Amino acid sequence: MQFSANLGFLWKELSLPDAILAAKNAGFAAVECHWPYDVPAEKVKAALQETGLKMLGLNTRRGDTSAGDNGLAAIPGRVSEARAAIEEAIAYASEIGTPNVHVMAGFAQGDEARATFLDNLHYACELAAQSNITILIEPLNHYDAPGYFLSTTQQASDLIALVGKTNLKLMFDCYHVQLMEGDLSHRLEKLMPLIGHIQFASVPDRSAPDHGEVNYEYIFKLLNSLSYPKPLGAEYKPSGDTSASLGWMSALKHA
Ligand SMILES: O=C(O)C(=O)[C@@H](O)CO
Ligand SMILES: [Mg+2]
């Protein structure tokens with residue numbers, strides 16, 4: 001198994017370029033991040049080149065977080081902001097060689113939100129295809145993100161079918177899926193053709209994946225048996241120093 005360090009949570013105290021170096025030194029095969037926009041893309045690109053790591057994914061900007069925004073793409077009346085965020089994310093990803101962009105839906109419910117999300121996803125997929133980029137959508141759990149538009153894998157599968165683009169995939173975050181739906185093994189097997197990236201953390205406390213209600217040794221063995229080819233995203237919140245939280249890596253690498 002190979003792992004991707006999610007630098008939105010790991011080595012958060014370091015600048016993004018330094019966090020990339022730390023991930024390399026700790027033995028990660030790749031990195032991913034949340035919102036890299038405060039760092040010029042050339043600096044991130046230089047760190048990726050120096051380490052030989054790929055940045056597997058990044059997110060669209062969330063909007064005005066001080067006003068509570070958590071994404072824009074499903075919010076009726078904010079289409080031009082949502083599309084600007086999509087354009088910015090695709091341009092940044094394309095500059096640093098990132099293959100996936102997670103388009104964040106935001107807090108909204110109902111038919112108008114769904115229609116808005118579908119239109120914006122269509123727009124994002126067409127634009128991303130020009131740079132060979134995949135668009136990801138990620139169901140988030142109701143405890144951390146109450147009222148978020150996208151909360152289940154069923155909803156995500158329906159949206160992917162409706163948009164009908166081969167570069168629209170599911171971000172299967174085991175942490176969120178376990179909290180909302182459980183049945184991880186069957187869901188991973190069933191949804192494998194739709195999955196663009198997988199993330200993990202302990203459940204329910206979202207820290208290192210060496211305790212809690214999910215047995216990741218079992219899950220990673222299953223992914224191996226399904227020949228899942230990509231690094232798995234370690235997106236957890238270390239309870240202290242990131243480097244001291246990595247005991248799980250050697251234990252799970254050979255799952
Ligand atoms: O919270 C998560 O899980 C993520 O993957 C973020 O990128 C989006 O909030
Ligand atoms: Mg996630």
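Being a predicted model, the structure only gives us computed values, none of them experimental.

Colleague: Sorry, what's going on with the overall build of the protein chain here?
Modeller: Along its length, the protein chain carries nine helices and eight strands. For 255 residues, the compact-globule estimate of 2.2 N^0.38 gives 18 Å, and the C-alpha radius of gyration of the protein chain, at 17 Å, lies within 12% of that figure. Judged by the C-alpha coordinates and their principal axes, the protein chain covers about 45 × 40 × 35 Å. Of all 255 residues assigned to the protein chain, the portion counted as buried reaches 56%. If you take every contact in the protein chain between residues at least 6 apart in sequence, the share linking residues at least 24 apart comes to 76%. By element, 49% of the accessible surface of the protein chain is carried by carbon and sulfur atoms, the whole surface being about 10700 Å². Of the side chains in the protein chain, 19 bear a positive and 29 a negative charge, and the two mean positions are spaced by 5 Å.

Colleague: Sorry, what's going on with helix α4 (residues 111–129) here?
Modeller: Residues spaced three or four apart along an α-helix point in a common direction, a consequence of the helix completing one turn every 3.6 residues. The terminal C-alpha atoms of α4 lie 27 Å apart, and with 19 residues this matches the ideal 27 Å at 1.5 Å per residue to within 8%. Among all positions of α4, only Ala 113, Thr 116, Phe 117, Leu 118, Asn 120, Leu 121, Ala 124, Cys 125 and Ala 128 are buried. Contacts from the buried residues of α4 go to α3 (79–96), β5 (134–137), α5 (153–163) and β6 (168–173).

Colleague: Looking at this structure, how should I read the sheet that holds strand β3 (residues 57–59)?
Modeller: Pairing between the strands of a sheet is mediated by backbone hydrogen bonds and can be parallel or antiparallel. Spatial ordering of the open sheet is given by β2-β1-β8-β7-β6-β5-β4-β3, a layout of eight strands whose pairing is parallel. Strands at the two margins of the open sheet, each flanked by one partner only, are β2 (30–32) and β3. Going across the sheet, the axis of each strand differs from the next one's by a mean of 30°, ignoring polarity. Taken together, the three bridges between β3 and strand β4 (residues 100–102) define a ladder with parallel strand orientation. Looking at the pairing, Gly 57 lines up with Asn 100 of β4. Packing of α4 onto the sheet brings it into contact with β5 and β6, and relative to β5 it is tilted by some 150°.

Colleague: Help me out: how do you make sense of the confidence of the model for the protein chain in this one?
Modeller: Detailed reading of the predicted model is not advised wherever pLDDT is low. Here the protein chain averages 97 in pLDDT, while 100% of its residues score no lower than 70. Element-level pLDDT for the protein chain is lowest in helix α9 (residues 247–253), with a mean of 90, against a maximum mean of 99 in β4. Taken together, the chains of this predicted complex give a pTM of 0.97 and an interface ipTM of 0.96.

Colleague: In this structure, what is going on with the site of ligand 1? I would like to understand it.
Modeller: Surveying the vicinity of ligand 1 reveals the residues His 34, Asn 59, His 102, Met 104, Glu 138, Asp 173, His 176, Gln 199, Arg 206 and Glu 235. Here an oxygen atom of ligand 1 sits 2.6 Å away from a polar atom, N or O, in the side chain of Asn 59. The side chain of Glu 235 places a nitrogen or oxygen atom 2.7 Å from an oxygen atom of ligand 1. Here the residues of the shell around ligand 1 are counted per class, giving one nonpolar, five polar and four charged.

Colleague: Even after reading the chapter, I still don't get the nonpolar core, so can you show me in this structure?
Modeller: A general feature of soluble globular proteins is that nonpolar side chains tend to end up buried together. Grouped together as the largest cluster of nonpolar side chains are 87 residues, with contacts concentrated most on Phe 28, Phe 117, Phe 220 and Trp 248. Looking at which element gives the most residues to this core, the answer is α4, with seven residues. For Phe 117, the residues in contact, after removing those within four places along its chain, are Ala 73, Ala 74, Val 103, Ala 105, Ile 137, Phe 149, Leu 150 and Leu 159.

The rules behind these values
- Residues numbered from 1 in each chain as written.
- Chains lettered and ligands numbered in written order.
- Predicted model: local features only at pLDDT ≥ 70, side-chain atom pairs only at ≥ 80, totals over all residues.
- Heavy atoms only, no water.
- Helix = DSSP H or I, 4+ residues; strand = E, 2+ residues; numbered from the N terminus.
- Rg over C-alpha atoms; globule rule 2.2 N^0.38 Å.
- Buried < 20%, exposed > 50% of the residue type's maximum accessible area, 1.4 Å probe, protein only.
- Contact = heavy atoms within 4.5 Å.
- Areas by Shrake-Rupley, 256 points an atom, 1.4 Å probe, with all protein chains shown as cover.
- Lys, Arg positive; Asp, Glu negative; His and termini not counted.
- Charge placed at Lys NZ, Arg CZ, Asp CG, Glu CD.
- Expected span 1.5 Å × (residues − 1).
- Pairing = 2+ DSSP bridges.
- Axes fitted to C-alpha atoms, helices over the stretch in contact; angles between N-to-C directions.
- pLDDT = per-residue confidence, 0-100.
- Near = heavy atom within 4 Å.
- Polar contact = N/O pair within 3.5 Å; in protein donor to acceptor, adjacent residues only side chain to side chain.
- Nonpolar A, V, L, I, M, F, W, Y, C, P; charged D, E, K, R; others polar.
- Core = buried A, V, L, I, M, F, W, Y, C linked by side-chain atoms within 4.5 Å.

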